[in-house]
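Observations on chain architecture
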Amino acid sequence: MLPRGFHARPFAHRALHGPGRPENSRSAIDAAMTAGYGIEIDLQLSSDGQAVVFHDYALDRLTDARGPVRQRSAQDLAAIQLRDSDEGIPTLSQVLDQVAGAVPLLIEIKDQDGALGPAIGPLEEAAAACLTDYPGPVAVMSFNPFSVARMGQLLPDLPRGLTTCAFDKADWPTVPQERLDALRPMPDLETLGADFISHQWDDLTNPAVQAAKARGLRVFCWTIRSDTQQAEALANGADQVTFEGYMA
């Protein structure tokens, strides 16, 4: 079951990033805590098997380095500066020490299979090792049901959910069409023991979302970028929003 704090406040998407505070950075996390928001972060895997807080699979967009995150050690990633800052890429362990239960954390485990399939495990195990004794309100989620299932095996009492969307092929070029078709109706929610979904905000009228809500799952949504979108999402059944680019 999700901790109470998850219902009370919006979540800053990739923390409260902005000028001088890159997404998923420790300065953006500090800003979100100061403002009293929950924090959504993303995990990727380093070459030495550590969970690092970074959204993209490659370093190119957010740093001056190039190539896959997964080909660098956590120590090397810490030395790579995020653009518009003097910060490196933090590990999950460092971020958990920083937040220390002050606000809720919503952690997305990025798909490591490439096709939302079963080739997962090391990132989930690294995340679980960090989260085992974490005392604060936290939940994990992923687009990949296999990842969510693995987290349920590793930490059965940890709240978990599915990140979901319309699964349009244009948004998922590496995923076979039949896999997208299978995921769209969210058939795995019950078997995964999911407590929530985090769904694409402009697809909340999707019957699968409404069915999940009717079964008692909480509905979060991503990514809201204005007051108008926030109002529309809440009117369409979202229980809470993940936002960026404005103060929710």
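Attention here is on the structure that accompanies the text. What you see is a predicted model, and the numbers here were worked out from it, not measured in a lab.

**So, the packing of helix α5 (residues 122-131) against helix α6 (residues 145-154)**
A pair of packed helices is characterised by two quantities: the angle between their axes and the separation of those axes. The geometry of α5 relative to α6 is characterised by a closest axis approach of 10 Å and an angle of 40° between their N-to-C directions. Our classification of the angle between α5 and α6 gives oblique. Taken as a pair, α5 and α6 cross one another with a handedness that is right-handed. On the side of α5, the interface is formed by Glu124, Glu125, Ala127, Ala128 and Leu131, while α6 contributes Ser147, Arg150, Met151 and Leu154. Among the residues making up the contact of α5 with α6, the classes are represented as 5 nonpolar, 1 polar and 3 charged.

**Examining the packing of aromatic side chains**
A full pass over the atoms with the stated rule returns 10 aromatic pairs. Pairing Phe143 with Trp222 gives two aromatic rings, centres 6.0 Å apart and planes at 85°, and the pair type is edge-to-face. Of this pair, Phe143 sits in the loop between β5 (138-142) and α6 while Trp222 sits in strand β8 (residues 218-224), placing them 79 residues apart in sequence. Through successive ring pairs, a cluster of aromatic residues spans Phe6, Phe11, Phe196 and Phe220.

**Considering the environment of Gln153**
Following the sequence through the fold, Gln153 ends up in helix α6. One polar contact links Gln153 to Arg150, side chain to side chain, over a distance of 2.9 Å.

**Quick look at the nonpolar core**
Core analysis: the largest hydrophobic core is formed by 55 residues, its most contacted members being Ile39, Leu92 and Leu131. Apart from residues lying up to four places away in sequence, Ile39 is in contact with Phe11, Ala12, Ala15, Ile29, Ala32, Met33, Val99, Val103, Pro104, Leu105 and Leu106. Counting residues in each nonpolar core, the second largest holds 11 residues, with Phe54, Ala74, Ile80 and Ile89 among its members.

**Here's the deal with the pairing of strand β2 (residues 38-45)**
The element β2 is extensively covered by neighbouring structure, given that 8 of its 8 residues are classed as buried. The alternating pattern of β2 places Gly38, Glu40, Asp42 and Gln44 on one face and Ile39, Ile41, Leu43 and Leu45 on the opposite face, and all of these are buried. As defined by bridge partners, strand β1 (residues 11-13) adjoins β2 across 3 bridges and the pair is classed as parallel. Bridging from a neighbouring strand, His13 pairs with Glu40 of β2. With helix α2 (residues 26-35) bridging β1 and the parallel β2, this β-α-β connection has right-handed handedness. Bridge count for β2 against strand β4 (residues 105-109) is 5 bridges, and the pairing is parallel. In the strand pairing of β4, Ile39 is matched with Leu105. Looking at chain direction, β2 and strand β3 (residues 51-53) are connected through 3 bridges and run antiparallel. What sits directly across from Gln44, in β3, is Val52.

The rules we used
Residues numbered from 1 in each chain as written. Predicted model: local features only at pLDDT ≥ 70, side-chain atom pairs only at ≥ 80, totals over all residues. Heavy atoms only, no water. Axes fitted to C-alpha atoms, helices over the stretch in contact; angles between N-to-C directions. Helix = DSSP H or I, 4+ residues; strand = E, 2+ residues; numbered from the N terminus. Parallel < 35°, antiparallel > 145°, perpendicular 65-115°, else oblique. Left-handed = near helix turned anticlockwise from the far one by under 90°. Contact = heavy atoms within 4.5 Å. Nonpolar A, V, L, I, M, F, W, Y, C, P; charged D, E, K, R; others polar. Phe/Tyr/Trp six-rings, centres within 6.5 Å; stacked < 30°, edge-to-face > 60°. Polar contact = N/O pair within 3.5 Å; in protein donor to acceptor, adjacent residues only side chain to side chain. Core = buried A, V, L, I, M, F, W, Y, C linked by side-chain atoms within 4.5 Å. Buried < 20%, exposed > 50% of the residue type's maximum accessible area, 1.4 Å probe, protein only. Pairing = 2+ DSSP bridges. Right-handed = clockwise from strand over helix to strand, strands pointing away.

Fair warning: the whole summary comes from geometry, so function is off the table for now.
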